[in-house]
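Chain and residue survey
This is what each chain is made of:
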Amino acid sequence: MPVFIINRLFQAFGVILVMSVLVFVGLYLIGDPTSMLVSPEATEIERQALRKALGLDQSIWVQYLTFLGNAAQGDFGRSFLTGQPALQLIIERMPATVELVIVAMTFSVLVGVPLGILAGLRPKAPSSKAIMTGSILGFSLPNFWIGLMLIMLFAVYLGVLPASARGETVSVGPVALSILTIDGWQHLALPALTLGLAKAALMIRVTRAATREVLPMDYIKFARAKGLRPSRILNVHLLKNILIPIITVAGLEFGQAIAFAVVTESVFSWPGMGKLLIDSIITLDRPVVVAYLIMMVFFLVILNLVVDILYMAIDPSAREKVRD
Amino acid sequence: MSTPTTVSPTTTVEETPFRRFVVQFTENRLAMAGLILMILLAIPAFGAPWIAPQNPYDIGALDILDSQMPPGSVAEVSGITHWLGTDSQARDVLSAVLYGMRTSLLVAFLSVTVSLLIGTTVGLCAAYFGGWLDALLMRIVDIQLSFPAILVALVMLSVLGQGLDKVIIALIIVQWAYFARTVRGTALVERNREYILAARCLSLGWRRIIARHLLPNCLPPLIVIATIDLANAIALEATLSFLGVGVPVTQPSLGMLIANGFEFMLSGQYWISFFPGIALALAIVGINLVGDHLRDILNPRNAL
């Protein structure tokens, strides 16, 4: 187990390093940002001065090594647009994204797991077929499309929920939260539903597959033969055993949801870091894009590692496999 | 698994795997509905220049007086009936949807075809040769698949810039890894079968073994993945264009049409983004219905 963790840590470090090179070299090829920052009438000397100030006059390798050294200290440079440190911009926006994703993931588990068990217990019932068809729609239709339809229904047609922005927030220490006010919840409802529906569709499919796998097992048959109440079989014997794939998938999907929040945040003008990324890509604000990507790579690699370790911790048979 | 040809007096039609597949496919009404939907969307989309009531990108034909007309209204200037209304630049929404669908389908089809070719080649080579080549290729695939598709596509587009060709390249880079992994999985099983062994004993060249013996037997799961991936490609392209980093303004796809109408939706002019949205959803659902049923038929575990 410790060997496994150390091994995976080295791999994770390697992936982060490779990705930092790819991200940096790739984004270095974007057009010259000075052309956007100075007025068209600026002289060549002014442009040169700006290039020098931004460090763009040095060779790409010097720029990369400087970048890597600074990145290790949490310094990703300053935004070309606002002049604020890129990392600070992202961290300011992070609570909004994390809040949205946590609410969406909670929704998806609370809705997806029960429906998935239902569909797994009675695979031939019309209700199960309806659940499964609905889940195909849920994860094949693009996220922004679902958001658009929800806006059309709830914000335009019924006029009961707001379609954009974050609403009233309450500061808890340095972090502003929407979930503590009614207005905040109203603003959170549609984006969280948009993000949550797609993830719920996936949870339904995972839970159903796991349920179908566990049901024919001897321990379920034995529990039935023992005359246990069906509710006990469901809550103890079944739920415990389908938990492994559910936790694994929910963990990995958390990372996916943070990435897909890019789309949801853009639809609902939710002031999270995903919206910041899109705005920065469009305005060629390179330091912010690079900082976001490196942060995401770091986060996803760590998340994968944690999920792998958790998986080892809760599934004894997986531990056996590693030892072999 | 092919049935030997037997001519019996009762059956006049010989049963081939393909014919059995066709019969199985047509038995499912939902899948047939999906297929018909796909055809009904694809024909007018590719025939858009000939059947659309208006060329929505011919600026000369547009008159600003006809802008933002609700569905079913008749234009004052040209006399055309706009069945789905007009947008803020007086473009006929129906025509724009037909042209947009054409762009969406073209991008999806091209990107899936190329990534299928790349992914299949990589997967087959990895499985057949094994060793360090397999380890290297699959490590690249693993790393790429651990990052969300939307992020990979966004990074690619922010590096490459805007344009139809750039979107296609970004989609290829996102998708090839799925094909590579699927093909490798199937090919690993097939490569230890007797017929590959027999082909090796005949000392056939590796190119011939891979292309003529290994590839045909890896096709069923590939067909399923390619179908469903077509829907994913349409959805991803629409998302990128909606975010404003996809196709250029001169060749709007469905995603961009939806984005254009988005600001008008809140003021009640729903039709500008609603109809492109419906067209997009129908295309994705149609392909998924077909793909889902293909998976049921072509999965060897379900075969008799």
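Residues numbered from 1 in each chain as written. Chains lettered and ligands numbered in written order. Predicted model: local features only at pLDDT ≥ 70, side-chain atom pairs only at ≥ 80, totals over all residues.

**Observations regarding the overall build of chain A**
Per the secondary structure count, chain A includes 13 helices and two strands. Taken along its principal axes, the extent of the C-alpha atoms in chain A is 85 × 60 × 35 Å. In chain A, which comprises 324 residues, the share counted as buried stands at 35%. In chain A, of all internal contacts separated by at least 6 residues, the share reaching a separation of at least 24 is 71%. (Helix = DSSP H or I, 4+ residues; strand = E, 2+ residues; numbered from the N terminus. Buried ≥ 20, exposed ≤ 12 C-beta atoms within 10 Å, placed from the backbone. Contact = placed C-beta atoms within 7 Å.)

**What about the overall build of chain B?**
Within chain B, the secondary structure is distributed over 11 helices and two strands. Each helix and strand of chain B, placed in order from N terminus to C terminus, yields the pattern α-α-α-β-β-α-α-α-α-α-α-α-α. Split into buried and exposed, the 304 residues of chain B put 45% on the buried side. Intrachain contacts of chain B at a sequence separation of at least 6 include 67% that bridge at least 24 residues.

**Thoughts on the packing of helix H2 (residues 29-46) of chain B against helix H11 (residues 271-298) of chain B**
Residue and element names in this part refer to chain B. The interhelical angle for the contact between H2 and H11, taken along N-to-C directions, is 140°, at an axis separation of 8 Å. Looking at the two axes, H2 sits oblique to H11. In terms of crossing hand, the pair formed by H2 and H11 is left-handed. Across from Leu 30, Ala 31, Ala 33, Gly 34, Leu 35, Leu 37, Met 38 and Leu 41 in H2, the residues of H11 making contact are Leu 282, Ala 283, Gly 286, Ile 287, Leu 289, Val 290 and His 293. Broken down by class, the residue content of the contact of H2 with H11 amounts to 12 nonpolar, three polar and no charged. (Axes fitted to C-alpha atoms, helices over the stretch in contact; angles between N-to-C directions. Parallel < 35°, antiparallel > 145°, perpendicular 65-115°, else oblique. Left-handed = near helix turned anticlockwise from the far one by under 90°. Nonpolar A, V, L, I, M, F, W, Y, C, P; charged D, E, K, R; others polar.)

**Things to note about the confidence of the model for chain B**
Summarising the model, chain B shows a mean pLDDT of 82, and 88% of its residues fall at 70 or more. At the level of chain-chain contacts, confidence expressed as ipTM amounts to 0.81, with global pTM at 0.84. (pLDDT = per-residue confidence, 0-100.)

**Describing the nonpolar core**
A:Leu100, B:Val97, B:Ala153, B:Leu171 and B:Ile284 are the most contacted members of the largest nonpolar core, which totals 153 residues. With 18 residues, helix H9 (residues 206-243) of chain B is the single largest residue contributor to this core. The residues contacting B:Ala153, other than those within four sequence positions of it, are B:Ala170, B:Leu171, B:Val174, B:Leu236 and B:Leu240. (Core = buried A, V, L, I, M, F, W, Y, C linked by C-beta atoms within 7 Å.)

**Digging into the packing of helix H7 (residues 143-157) of chain A against H11(B)**
The interhelical angle for the contact between H7(A) and H11(B), taken along N-to-C directions, is 135°, at an axis separation of 11 Å. On the basis of the axis angle, H7(A) is oblique to H11(B). Between H7(A) and H11(B) lies a crossing of left-handed hand. Only B:Ser273, B:Phe274, B:Gly277, B:Leu280 and B:Ala281 of H11(B) make contact with H7(A), whose side of the interface consists of A:Trp145, A:Leu148 and A:Met152. In the contact of H7(A) with H11(B), the residues fall into six nonpolar, two polar and no charged.

**Brief notes about the interface of chain B and chain A**
Counting residues at the interface gives 32 residues for chain B and 33 residues for chain A. Of all the secondary-structure elements, those providing two or more residues to the side of chain B that touches chain A are helix H6 (149-160), H9, helix H10 (254-265) and H11 of chain B. Ranked by residues supplied to the side of chain B that touches chain A, first place goes to H11(B) with nine residues. Tallied by class, residues from the side of chain B that touches chain A come to 23 nonpolar, eight polar and one charged.

**Focus: unusual backbone geometry**
Located in the positive-phi region is A:Ser269, a residue other than glycine, with phi close to 45°. With respect to the helices, strands and loops of the structure, A:Ser269 is situated in the loop between helix H10 (230-268) and helix H11 (273-282). The partly exposed category is assigned to A:Ser269, around which 13 C-beta atoms lie within 10 Å. Positioned with a positive phi, B:Ser203 is a non-glycine residue whose angle comes to about 50°. Locating B:Ser203 in the fold gives a position in the loop between helix H8 (194-201) and H9. Judged by the 7 C-beta atoms lying within 10 Å of it, B:Ser203 is exposed.

**Remarks on H10(A)**
Because the α-helix completes a turn every 3.6 residues, residues three or four places apart line up on one side. In a regular helix each residue adds 1.5 Å, so 39 residues correspond to 57 Å; H10(A) covers only 43 Å between its end C-alpha atoms and thus falls short of that length. Of all the bends found along H10(A), the most pronounced is centred on A:Leu239 and spans about 45°. (Expected span 1.5 Å × (residues − 1). Bend = angle between axes of the 7 residues up to and from the residue.)

**Quick word on H6(B)**
All names here are of chain B. Its 12 residues give H6 an end-to-end C-alpha distance of 16 Å, which sits within 8% of 16 Å, the value for a rise of 1.5 Å per residue. The element H6 is extensively covered by neighbouring structure, given that nine of its 12 residues are classed as buried. The complete set of buried residues in H6 reads Ala 149, Ile 150, Leu 151, Ala 153, Leu 154, Val 155, Met 156, Leu 157 and Ser 158. Two residues or fewer after H6 comes Gly 161, characterised by a positive phi angle close to 95°.

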